[in-house]
Amino acid sequence: MKNNFLGRSLTVIEDFSVDEQMFLYTKTRKLKKLWKEKSDISEFQLKKNVGIYIVFVEPSTRTKESFINAARFHKNAKVNIFDSEHSSFNKKESYLDTFNMLTGYSDYSIFVLRTRLEGTCKYLDEKVSEFAERHGIEKPAFINAGDGKHEHPTQELLDEYTFLEQMDFDNSFIHIALVGDLLHGRTVHSKVNGLKIFKNVLVDLIAPEEISMPSHYIKKMKENGFEVRIFDSIESYLKSTDKVAKIWYFTRLQLERMGEDILEKEHVLRKSVTFRKEFLENIPQDVKFYHPLPRHKIYPTIPTFLDNLPLNGWEQQAINGYWTRTVLLSMLGGALKTNFDTSFKPQENDDDFIIPAPIVNGTKGVLKEGKRGIKPIENGTVIDHIAKGKDKNKIFETIVKIRKILKLFDLDSADGIFKSENGEFKGYISLPNRYLSKKEIKMLSAISPNTTVNIIKNSRVVEKYRIFLPPFIYGFSELRCKNENCITNPVNGENAEAFFIRNNEGELVCKYCETPHSFEEIWNI
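Every value quoted in this text rests on a predicted model; they were computed, and no experiment measured them.

**Some details on the overall build of the protein**
Secondary structure assignment for the protein yields 13 helices and 19 strands. On the principal axes, the C-alpha backbone points of the protein span a range of 85 × 60 × 45 Å. Across the 525 residues of the protein, 55% fall into the buried class. Here the analysis covers contacts within the protein between residues at least 6 apart in sequence; of these, 74% occur between residues at least 24 apart. Carbon and sulfur atoms make up 48% of the accessible area of the protein, which totals about 24300 Å². The averaged location of the 73 negative side-chain charges in the protein is 2 Å from the averaged location of its 76 positive side-chain charges.

Rendered as structure tokens:
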């Protein structure tokens, strides 16, 4: 059993289990108490030679400075701060090559990284670990300090810790209102899984439609057992319910990430999510407001007239960033031990997706569908039921896609579209004297699921398979994540290969930026 966090990373909030998060919050509470009492805090300080690299390719002040100070708490750490204006990343040099080289400069490294490219930390954690293994170097740790509009897990740690402080560390229930730019706000996206530390969760989402929470995040909240309510403005929220949340979490409008169509409505959007004086009489006295900061200096969603009121929780929230990040470095640097297993166990999905099907006795060549069946062949493969039920254009597109990716350029092969007995159209590809390997059948399952493969010898079907969408899809040069800010998207020049994971809804989720796709959307053909 492993009882430390050496080699672990925090690329998304779900990298830490609920028990591991609660361990961090308990230790943070203890460190704050010892500090105030001026007691011994040496148990939190790193004991080994650790290189802490603060790499902020995207500009930041608050998060960057809190990490710098948290790193300097650890006297034995060698703290290295990258200047984003002059770093190698702005010279178009590879992220992977840079971090591979940095890994060899310390006995053990912790990288704190902020970048606009989504999924970068997860990608580097995976690939730099391979480099470390090749050279007998200890696996480094990666901390995601914000990647585009994806996640900001260390902000989530300080937020959840602050909520627990407000509730005297009772995690039985939380009622929280998320207000502002829920489309682009990575801090609220981290709450989709971060709020799981509470046993019961009620979330009120307050944002106009143009900047509302993406549907796949709402779906995930509901899968996590959260009750979710949706409102288009603070005004409509206060008018429509007497069940007002005691914790309000505001985010700024992230204009730099918005398109022109949304920017044209900037004034209306701001008004919807900005707190006004007349709202004060409609909220309970024990409400606390929070904000990841900084606020917009001209149009803050939490106006400055609220600063001196008891509902100001954002200042203590900001201070907690130093404490939670200090403890996070203590954990990843091996100073803090647990009494439970901290071995990282990624979720696996290895269910069968190629299912042998029964063969009808006497079937010649292939199964026939009424009078318009496929002409039997003596030996080879018939791919049947291609895009069944789709329109003819979609069936034809799928046939072309299969041929291109599997390189089925046999001159004497045939394909077509015909109508099944139930009236639905479907496609087929007939390949005389050409057998698909098991690897090719696996590839086919990713290109055209719900297809049937018939292996034919001596004019008889000897093997038949029904294939379904596989749990993982990777290894094809034609794959592409549709998110232009993903580390794997070719426009970003990082040569990172796309990798998709099937979720419970049958969607294919990018392993790195977590953008969901249909199986048709992952192919760049």
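**Concerning helix H2 (residues 62-72)**
Those residues of H2 that fall on the buried side of the exposure criterion are Thr63, Lys64, Ser66, Phe67, Ile68, Ala70 and Ala71. Tucked into the core, H2 has its buried residues touching strand E1 (50-56), strand E2 (77-82), strand E3 (108-115), strand E4 (141-147), helix H5 (153-166) and helix H11 (314-332).

**Some words on the sheet that holds strand E13 (residues 425-432)**
Read from one edge of the open sheet, six strands run E10-E15-E14-E11-E13-E12, paired in antiparallel fashion. Two strands lie at the open edges of the sheet, namely strand E10 (354-356) and strand E12 (414-419), each paired on one side alone. Looking at each pair of strands side by side, their axes are set apart by 20° on average, direction ignored. Sheet topology note: the strand E11 (residues 380-386)/E13 ladder contains five bridges and is antiparallel. Counted as the bridge partner of Ile383 is Ile429 from E13. Those strands touched by helix H12 (residues 392-406) are E11, E12 and E13, and its axis lies near 25° from that of E13. Across the sheet, helix H13 (residues 438-447) lies against E10, E11, strand E14 (451-457) and strand E15 (460-467), angled at about 40° from E15, the strand it touches most.

Reading guide: rules and limits
Residues numbered from 1 in each chain as written. Predicted model: local features only at pLDDT ≥ 70, side-chain atom pairs only at ≥ 80, totals over all residues. Heavy atoms only, no water. Helix = DSSP H or I, 4+ residues; strand = E, 2+ residues; numbered from the N terminus. Buried < 20%, exposed > 50% of the residue type's maximum accessible area, 1.4 Å probe, protein only. Contact = heavy atoms within 4.5 Å. Areas by Shrake-Rupley, 256 points an atom, 1.4 Å probe, with all protein chains shown as cover. Lys, Arg positive; Asp, Glu negative; His and termini not counted. Charge placed at Lys NZ, Arg CZ, Asp CG, Glu CD. Pairing = 2+ DSSP bridges. Axes fitted to C-alpha atoms, helices over the stretch in contact; angles between N-to-C directions.

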